[in-house]
Structures are given as structure tokens and as C-alpha cells.
Amino acid sequence: MKVSELLKDNKVTISCELFPPKKGAQLENYKVIVGKIAELKPSYISCTYGATGGTSDYTVEIADTINSYGIPAIAHLTCVSSTKEKVHSVINELKERKIENILALRGDIPENADFPLPNQYHHAIELIREIKEAGDFCIGGACYPEGHPEAETMDADLDYLKEKVDAGCDYLTTQMFFDNNIYYRFLYKALAKGIDVPVTAGIMPVTNAAQVKRTISLTGNLVPAKFLSIVDRFGDNPDAMRQAGIAYATEQIIDLIANGVNHIHIYSMNKPDVAGAIMGNLSEIYVRE
Ligand code: FAD
């Protein structure tokens, strides 16, 4: 099923994200994780794709496993570190395995890389155009409520985002944010640019202190004082930090839904227990079918 069909509805959707194993890892162990997340009955599950190749080998396989549980799968696909031939072969494989949803991404530019090489991609929009030509896929794109770290201005970032949507994105998923006001302001700015596709709100449950530092350094996210107090108080106590992180993410989601945001994407990564605890907290708000 195409995710764009689900996002057309006024019903609340809650989706989860996981990442595939590294090359050489036990694929069967990862399929157990997929099964546990599938048991939570999220609206759909997405699987990331390593831009530098390390974790990209199994994305299609994991997406296929997600579909086998009767849950729509989104396969992420990055282009910046790949040749066009490689990207086209992955798109063909997705088509053959009847995976209908692709999140089309540029990927981060690898350090020390000669970029771009001949016959390489520069931006996600090139990939979006090629997927559009290659078949009847539902195409998603990434967006950044706080601006992409490389963008000169938020305004320029939004202009490029509008071009991506016009090129064929059926929906967008946001980078994680920890203050809902940032998302609300972003929606207004995007609408003012004429971006009117669904914008799924990306929520990252932060359940350990090290994750906070990593997240800030990767995304440049603003972290509200309320959140920092949680890390200060509970950062050294893993169980308490986990509980507080789950509560914080739950509260963010409830505030979003209460304010009319229907589509939530949990960066659950490979932690079915964390995703399960959040889903449990929302059991009367997100009624699973
Ligand atoms: P783009 O849309 O190409 O944008 C990148 C930068 O270029 C922005 O600053 C933008 O303003 C600018 N830009 C865009 N178009 C143009 C243009 N035509 N001309 C000039 N400048 C332009 N990474 C992974 O490796 N694997 C994953 O699975 C993965 N999943 C993700 C899922 C989500 C929901 C998000 C938000 C990010 C994900 N990422 C993933 C990270 C992502 O690959 C990086 O953030 C990357 O740096 C940008 O990707 P993009 O698709 O947004 O790129």
C-alpha cells in the first residue's frame, strides 16, 4: 500500500523507523526486531539506507520483511555516494519486490570525498525525478524544521524543498525536533511557500545521555531547557533516563495530535521496547487496526 493513501486520511498515523544491519551481521536477528516492531501495529515502518554503503545492503530485504507482516514498508534510498547504475539497480529491485514507497534522500556528503564525481548525484531532487520516471512509487522527501545544516538561510532551504515537492514528493518527513513550536512555525513557512503535501512529524525518543550529545552534533538541533534538565537530573541513571525520555516523547506526540497534527513518525531505531512503551501510552489516542 502507498503511504500517501494513509496520509490522505484525517486519522492519526504513527509510524516507526529502524535501521538495517551492517554487512556480515546476522540478518535473522534483525528480522526478529522487525517482527517485534510489527507487533505494535504501526501505520507503516521505514528502513534507513546507509549513505556510505555500510548498512545499505539489507534495506530492500528488511523492507520486504516489513511488507510480509502486512505493514506498508518505506525503503530509504540515498544517492550522493552511489553511482547512477547502483541507484537504478536498487530501484529495479524495489519494483520487483513490490515495495511501493521510497524516501528519496541525498545522504550526507562523506568526509574526505571528492565530491561530486562524474556521473554522481548532487541533490535529492535528481533522485526524486529518476524514481518518478522509473515507476509508480509513492515518493517521500526529508525536510528540516530548523533548516538543513548546510543551508545558507531557512528561506533558501524552503525554496529547494518546494522544488523537491514539485518534482514529485508525495509527502515529507521532518528531521527530529524537541520543541513542537519549531515544527508549527515550520509548517506556516512551508505553507507560505506553497508546500501543501503532508509533513510527518519526526519524533526521536532520547533514552540515554550520550544520544543527546550525538544528536545535537549531527543535526544542530535546539534542545529546550526542559529537556536538558531531564538529562542533567537522570543522565547517570539509565533506567530513569529511559523512562523520562519515553515520557518526553509521549508528551510531544500528545501535544502535536491535540493541535491537529495527525501524522507522527517515531525514530524508534531498533528499540521495540521504547516504541512499545510510547505506543502503550497512546493506546486510546492511536487506535490500531
Ligand atoms: P537535499 O534535499 O539534496 O538537501 C541538502 C542540502 O542541499 C540542503 O541544504 C538544501 O537546502 C540544499 N539543496 C537542495 N536542493 C538543492 C539544489 N537543487 N541546489 C542547491 N542546493 C540544494 N541519511 C542517510 O544516510 N540514510 C538515511 O536513511 C537517512 N534517512 C533520513 C530520514 C529523514 C526523515 C531525514 C530528515 C534525514 C535522513 N537522512 C538519512 C539524512 C540526510 O541524508 C541528510 O540530512 C542529508 O544531508 C540531506 O539529505 P536531503 O535528502 O535532505 O538532501
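Described in the following lines is the structure provided in the data block. Bear in mind the structure is a predicted one, so any value in this text is a computation, not a measurement.

Describing the pairing of strand 6 (residues 171-174)
Okay, so step 1: Side-chain alternation along strand 6 places Tyr171 and Thr173 on one buried face and Leu172 and Thr174 on a second face that is also buried.
Okay, so step 2: Pairing analysis gives four bridges linking strand 5 (residues 138-143) to strand 6, with the strands arranged parallel. The partner of Gly140 across the bridge, within strand 6, is Tyr171.
Okay, so step 3: For the handedness criterion, the β-α-β arrangement of strand 5, helix 6 (residues 154-167) and strand 6 is classed as right-handed.
Okay, so step 4: Both strand 6 and strand 7 (residues 199-203) contribute to a ladder of two bridges, which runs parallel. Within the sheet, the bridge partner assigned to Leu172 lies in strand 7 and is Val199.
Okay, so step 5: Regarding topology, helix 7 (residues 180-192) serves as the crossover connection from strand 6 to the parallel strand 7, and that connection is right-handed.

Side note on the side chain of Thr13
Okay, so step 1: Relative to the helices and strands, Thr13 is located in strand 1 (residues 13-18).
Okay, so step 2: For Thr13, a relative accessible area of 4% corresponds to the buried category.
Okay, so step 3: Among residues more than four places away in sequence, those in contact with Thr13 are Leu6, Leu7, Ser43, Asn262, His263, Ile264 and Tyr286.

Notes on the nonpolar core
Okay, so step 1: Residues Leu172, Ile253 and Leu256 are the most contacted members of the largest nonpolar core, which totals 67 residues.
Okay, so step 2: Dropping the residues within four chain positions of it, Ile253 is found in contact with Ile14, Ile203, Ile264, Ile266, Ile278 and Leu282.
Okay, so step 3: In this structure, Val206, Phe227, Ala244 and Tyr248 belong to the second largest nonpolar core, which totals 13 residues.

Conventions adopted
In this convention, every chain numbers its residues from 1, walking through the sequence in written order. Two thresholds apply to this predicted model, a pLDDT of at least 70 for residue-level local features and 80 or more for giving and counting side-chain atom pairs, whereas whole-chain, interface and lining totals are computed over all residues. Calculated side-chain values reflect all of the structure's heavy atoms, with hydrogen atoms and water omitted. Residue exposure (1.4 Å probe, protein chains only): buried if accessible area is under 20% of the type maximum, exposed if over 50%, otherwise partly exposed. By definition, any uninterrupted DSSP run of H or I lasting at least four residues is a helix, any uninterrupted run of E lasting at least two residues is a strand, and each is numbered from the N terminus. Strands were regarded as paired on the criterion that DSSP finds at least two bridges between them. With strands facing away from the observer, any crossover in which the path from the first strand over the helix to the second runs clockwise is taken as right-handed. Contacts are assigned to residue pairs that have any heavy atoms within 4.5 Å of one another. Nonpolar core, defined: a set of buried Ala, Val, Leu, Ile, Met, Phe, Trp, Tyr and Cys residues in which side-chain atoms within 4.5 Å join the residues together.

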